[in-house]
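Fold and contact review
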Amino acid sequence: MGTGSKSSHQSYAVSPTALAEAPAAPLDITGAPAPGEGTDLTGAAAGAAGEPAFEVPELPEPVVEPAPPAEPPAGEDPLAELDALLGTESEPEPVAAAAPPEEEAQEASVEGELQSSSEEPSAEEAVLLQAEDNAEVQEEEEETDPPLTPVPAAPPVGEPTGTPILVGGDDFINSEATLVAYDSPDGPREVLLTHISEEAEEKLLDALSIPGTHMEEIQVEEEVKERLDLDKEKKLAELTKTAVSSVQHKLKTGSEMSDASIAKHQAAVDAVSAVLNDPSISDEEKAMAQHYMDQLSVVKDKIENGGVPMPWMDAYEVTATKMVTKQVPVPDGEPEPGTLAATVRKASRIQANLDPATGQTSWDGVARSSAKGTEYEIDMGDGWKAVYRPYKDNDPASTEFSLRGQLEVHAPAGAGHGKDLVERLEQLHLMNKPMTAAEGEWTYLANNIQAQGLEGSAGMKAAMETAQGLQDLQVQEIVHQRMESLMGLDSDALQTAMKRIHLEASHKVLPMKVEVVRDAVAKASGFSSGAELAASPGYEPTPSTSGKWLTWSRFDVTGNKAEIQSAFKGRSLSHNLNGGDLASLLGVGVLASTEKRAVMGIGGGLGLSEQADKMTGGANSVFLRVKKTPAKPGGGRLIWDDPSVLMQRSDYYAYNGDHYGAINPAHHNYNAGAITRDPMKIAKFTSSSNEIMFRNGIDLLGAEAPSRIVCHTAAERSSILASLTARGITQLGGKPVEDVLCTEADY
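Source: prediction; values computed, not measured.

With respect to the overall build of the protein
Looking only at helices and strands, the protein features 23 helices and 25 strands. A total of 747 residues make up the protein; the buried ones form 47% of that total. Summed over its atoms, the accessible surface of the protein is roughly 34900 Å², and 51% of this surface lies on carbon and sulfur atoms.

Brief notes about empty space enclosed by the protein
Estimated volume of the largest cavity: approximately 320 Å³. Taken together, 21 residues line the largest cavity, and the ones lying closest to its centre are Leu-193, Thr-194, His-195, Gln-406 and Lys-596. Of all the secondary-structure elements, those providing two or more residues to the lining of the largest cavity are strand E2 (172-182), strand E3 (189-196), strand E7 (340-350), strand E12 (406-410) and helix H18 (594-600). Element by element, the count of residues in the lining of the largest cavity is highest for E2, at five residues. Looking at the lining of the largest cavity residue by residue, the class counts come to six nonpolar, eight polar and seven charged.

What to know about the side chain of His-417
Locating His-417 in the fold gives a position in the loop between E12 and helix H9 (418-423). On the basis of relative accessible area, His-417 is assigned to the buried category, the value being 14%. Here the side chain of His-417 touches Gly-414 through a polar contact of 3.1 Å, landing on its backbone oxygen.

Notes on the packing of helix H6 (residues 236-253) against helix H7 (residues 259-276)
The interhelical angle for the contact between H6 and H7, taken along N-to-C directions, is 150°, at an axis separation of 9 Å. When the axis of H6 is compared with that of H7, the two are roughly antiparallel. Where H6 crosses over H7, the two elements pack in a sense that is left-handed. From H6, Leu-236, Leu-239, Thr-240, Thr-242, Ala-243, Ser-246, Val-247 and Lys-250 reach across to H7, where they touch Ser-261, Lys-264, His-265, Ala-268, Ala-271, Val-272 and Val-275. When its residues are assigned to classes, the contact of H6 with H7 shows eight nonpolar, five polar and two charged.

Let's talk about the packing of aromatic side chains
Applying the stated rule across the entire model yields five aromatic pairs. Considering the side-chain rings of Tyr-182 and Trp-363, the 5.7 Å spacing of their centres and the 70° angle between planes classify their relative orientation as edge-to-face. Of this pair, Tyr-182 sits in strand E2 while Trp-363 sits in the loop between strand E9 (361-362) and strand E10 (368-381); the two residues are 181 residues apart in sequence, bridging distant segments of the chain. Note on Tyr-182: relative accessible area 0%, which makes it buried. Its relative accessible area of 4% is what places Trp-363 among the buried residues.

With respect to the sheet that holds E3
Pairing within the open sheet is mixed, and its eight strands lie in the order E1-E2-E3-E12-E11-E10-E7-E4. Since the sheet does not close on itself, it has two edges, and those belong to strand E1 (163-166) and strand E4 (208-209), each with one partner.

Let's talk about the sheet that holds strand E20 (residues 691-695)
Remark on secondary structure: sheet strands pair via backbone hydrogen bonds, oriented parallel or antiparallel. The strand order across the open sheet built from seven strands is E19-E20-E17-E15-E18-E22-E25, with neighbouring strands paired in mixed fashion. The open sheet has two edge strands with one neighbour each: strand E19 (653-655) and strand E25 (741-743). Across this sheet, the average inter-strand angle for adjacent strands is 30°, counted without regard to direction. Each of strand E22 (708-711) and E25 touches helix H22 (residues 714-726); the most contacted strand, E25, lies at about 170° to it.

Details of the confidence of the model for the protein
For the protein, the average pLDDT comes to 82, and 79% of its residues sit at 70 or higher. Segment residues 59-76: pLDDT under 50, and 26 contacts once partners within four positions in sequence are set aside and those in other chains are kept. This stretch, residues 88-121, has a pLDDT under 50; its non-local contacts, to residues over four places away or in other chains, come to 26 contacts.

Re the pairing of E1
Residues of E1 alternate between two faces, with Thr-163 and Ile-165 on one and Pro-164 and Leu-166 on the opposite face, all of them buried. By the bridge criterion, four bridges tie E1 to E2 in an arrangement that is antiparallel. Its bridge partner being in E2, Thr-163 is matched across the sheet by Leu-179. Connecting the antiparallel pair E1 and E2 is a turn made up of five residues, with Gly-169 showing a positive phi of about 85°.

Observations concerning the side chain of Arg-571
Here Arg-571 lies in strand E15 (residues 571-576). The side chain of Arg-571 is buried and forms no salt bridge, while Asp-641, the nearest opposite charge, is found at 11 Å. One polar contact links the side chain of Arg-571 to the main-chain carbonyl oxygen of Phe-685, over a distance of 2.8 Å. Beyond its immediate chain neighbours, meaning those up to four positions away, Arg-571 contacts Val-626, Lys-627, Lys-628, Thr-629, Asp-641, Pro-643, Ile-682, Ala-683, Lys-684 and Phe-685.

Considering the pattern of salt bridges
Evaluated as defined, the whole model comprises 25 salt bridges. Across the pair Arg-227 and Glu-238 runs a salt bridge whose closest N-O atoms are separated by 3.0 Å. Of the two residues, Arg-227 is situated in the loop between strand E5 (215-226) and helix H5 (229-234) and Glu-238 in helix H6; the sequence distance between them amounts to 11 residues. Classification of Glu-238 by relative accessible area gives partly exposed; the value is 36%.

As for the state of the cysteines
In the structure shown here, the tally under the stated rule is zero disulfides. Cysteine Cys-711 remains unbridged, with the sulfur of Cys-742 as its closest cysteine sulfur at 6.8 Å. For Cys-711, a relative accessible area of 0% corresponds to the buried category.

So, the nonpolar core
Counting 38 residues, the largest nonpolar core has Leu-573, Met-647 and Phe-694 as its most contacted members. When residues of this core are traced back to their parent elements, those giving at least two are helix H17 (582-588), strand E17 (621-628), strand E18 (637-640), helix H20 (644-647), E20, E22, H22 and helix H23 (737-740). Those residues in contact with Leu-573 that sit more than four places away from it in its chain are Phe-568, Leu-624, Arg-625, Val-626, Leu-638, Ile-639, Trp-640, Pro-643, Leu-646, Met-647, Ile-692 and Phe-694. Counting residues in each nonpolar core, the second largest holds 33 residues, with Val-151, Ile-196, Leu-421 and Val-422 among its members.

Description of H6
An ideal rise of 1.5 Å per residue puts 26 Å on 18 residues; H6 measures up with 26 Å between its terminal C-alpha atoms. Three or more residues of H6 are buried, namely Leu-236, Ala-237, Thr-240, Ala-243, Val-244, Ser-246, Val-247, Gln-248, Lys-250 and Leu-251. Taken together, the buried residues of H6 touch H5, H7 and helix H8 (283-305). At the exit of H6 stands Gly-254, carrying a positive phi of roughly 75°.

The rules behind these values
- Residues numbered from 1 in each chain as written.
- Predicted model: local features only at pLDDT ≥ 70, side-chain atom pairs only at ≥ 80, totals over all residues.
- Heavy atoms only, no water.
- Helix = DSSP H or I, 4+ residues; strand = E, 2+ residues; numbered from the N terminus.
- Buried < 20%, exposed > 50% of the residue type's maximum accessible area, 1.4 Å probe, protein only.
- Areas by Shrake-Rupley, 256 points an atom, 1.4 Å probe, with all protein chains shown as cover.
- 1 Å grid on protein atoms, 1.4 Å probe; cavity = no way out; pocket = protein on both sides within 12 Å on 5 of 7 lines; lining within 4 Å.
- Points joined across faces, edges and corners; volume = space filled by probe spheres on them.
- Nonpolar A, V, L, I, M, F, W, Y, C, P; charged D, E, K, R; others polar.
- Polar contact = N/O pair within 3.5 Å; in protein donor to acceptor, adjacent residues only side chain to side chain.
- Axes fitted to C-alpha atoms, helices over the stretch in contact; angles between N-to-C directions.
- Parallel < 35°, antiparallel > 145°, perpendicular 65-115°, else oblique.
- Left-handed = near helix turned anticlockwise from the far one by under 90°.
- Contact = heavy atoms within 4.5 Å.
- Phe/Tyr/Trp six-rings, centres within 6.5 Å; stacked < 30°, edge-to-face > 60°.
- Pairing = 2+ DSSP bridges.
- pLDDT = per-residue confidence, 0-100.
- Lys, Arg positive; Asp, Glu negative; His and termini not counted.
- Salt bridge = Lys/Arg side-chain N within 4 Å of Asp/Glu carboxyl O.
- Disulfide = S-S within 2.5 Å.
- Core = buried A, V, L, I, M, F, W, Y, C linked by side-chain atoms within 4.5 Å.
- Expected span 1.5 Å × (residues − 1).

Encoded structure:
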């Protein structure tokens, strides 16, 4: 459904006036378990020239600031440091705000009298007071614009797929994170799992002290190979190489020797002969000249007689010991102030275990499986830690592409850390507030821009620049409001405060950025305005739950379902288990990607090319094919006779051929020109090895359920039917279970 028109949003009245009213929060998009559903295996639920201008929302005028404190000591200029942090030359003059209402003025007067009767708070106290104010504002926001996905205090223990949540801002891919509570002998092991965006990595790395990343210059004695001074002076190596290269070219092409090649050879011979005939040269210099003359003798033979190309010629070098300046890593020591200590180690994954009898996943907090790449283990203090697999230290050409950007945040053993797991993201300089309904529209628009290929559309670049400008203005406004307290901080504390201000600004200004970008997306996709787009039937800026993972839709499909169905007429999407256990798959309730199966505790070996997919990046997705609807399908197959059920998702991409789901530009299977996200093109795929990749996985027991699940035998069908019935699952995708489950013999 469309969200209708938008008006100002009360939650943001204290800072930028948001132009978008939050859509009503969904009743429960995380999906409460249906009657009979459990958490065990038998009960697991699934602005450029020519571009249109944008109306920029106005920021409120900053409040009048109190008189600045006494001048700082000589050599210390907090204002200059603030300017550097903001990237501006000077702070704009504060503008007087409009007179407050009489009641507010009286309250302000009383507050002023109270403050004047006591001492002014210190800079540190002012920052703490501001933090308390921010907490109160956040509580007010949550009351008027609740989180799209409330963060549980204690995620359900042993649930393999965990609890999906959305985090505000765009630090995380699809703004998505998952809270998992593994069962263990020491109590629940609660972990936040997410993928940060490559653009957000610098913020995270800035929070860390990583061994070997800080360098210093030292003088060391080292053996080096170098040419003799006489060689450099007379350019013997250069002349000889010129002669060799000229003749070599003729030999490779079979051409006749030219006068130019002969002349180059003669010039080199003359220069080398002059050195050899000099009685004052040393033995080493004589050996050097003879080295080049021997090379030129070979060249002469080739000029006269031709033949195969010559071996490569090396310059004459001698070994010498010299003092050289080198950059070396600073030895390990205490972390820099305000940063977290990080240890570099070989990449790994949580080695969990899924009990097939109970459907519970467990992990002892220690066991990890090895991976091809590098990761950081981060000490967050008080028994908290994080594990991060960086983009920058994992070369796509030689490491597992699917693990780049993966982040784990680990709480101490025990239950009840759900909210803290999210809040602790601030230590890593990442957004740490649950996403609200108003904020969710940003992620929805970003996904649609990518899915529909609107990045290069007219006006889109200008809209993105305007959106970033709004955020920069918000940062400056907050700095204005807190100038007095910020000026009292030392350099390290100021850096920390500014990072928090940037996070706060990103959170506050996002609804206004949405207004700007929505309008650009609307015009790029044929709507007259953002308001018309928002009111259209296909506009659904809240995610749906798919197998305990959140998925965002694309309005070009949800608003044109009949057109998509017509394009796929006579064709279906299918997945072949390739010998996998259909009953176990339906017991878990999700078709999960290689990476998701790993953290769920499902062992490897289920996919046809798991290791290759990790290198291509395909391991973060599940694979389906588009085929002519089979009249006699084989057993062990999942079939979607109405592909629009899945085509409405915004996270898929496809190849008309087998490319191992490659999104790694450094992998030989990657082909940027062959990737498509267009459902109309996918519907016309002709290759029998085509592939469509859906991120994370597909819910097999909910709205995304296949229309046919083909069992091998009647006995297998009866067993699965009994299991589903016992769990209270009577329908799949709106159809009776009996109509969905079938066997090979039925055709």
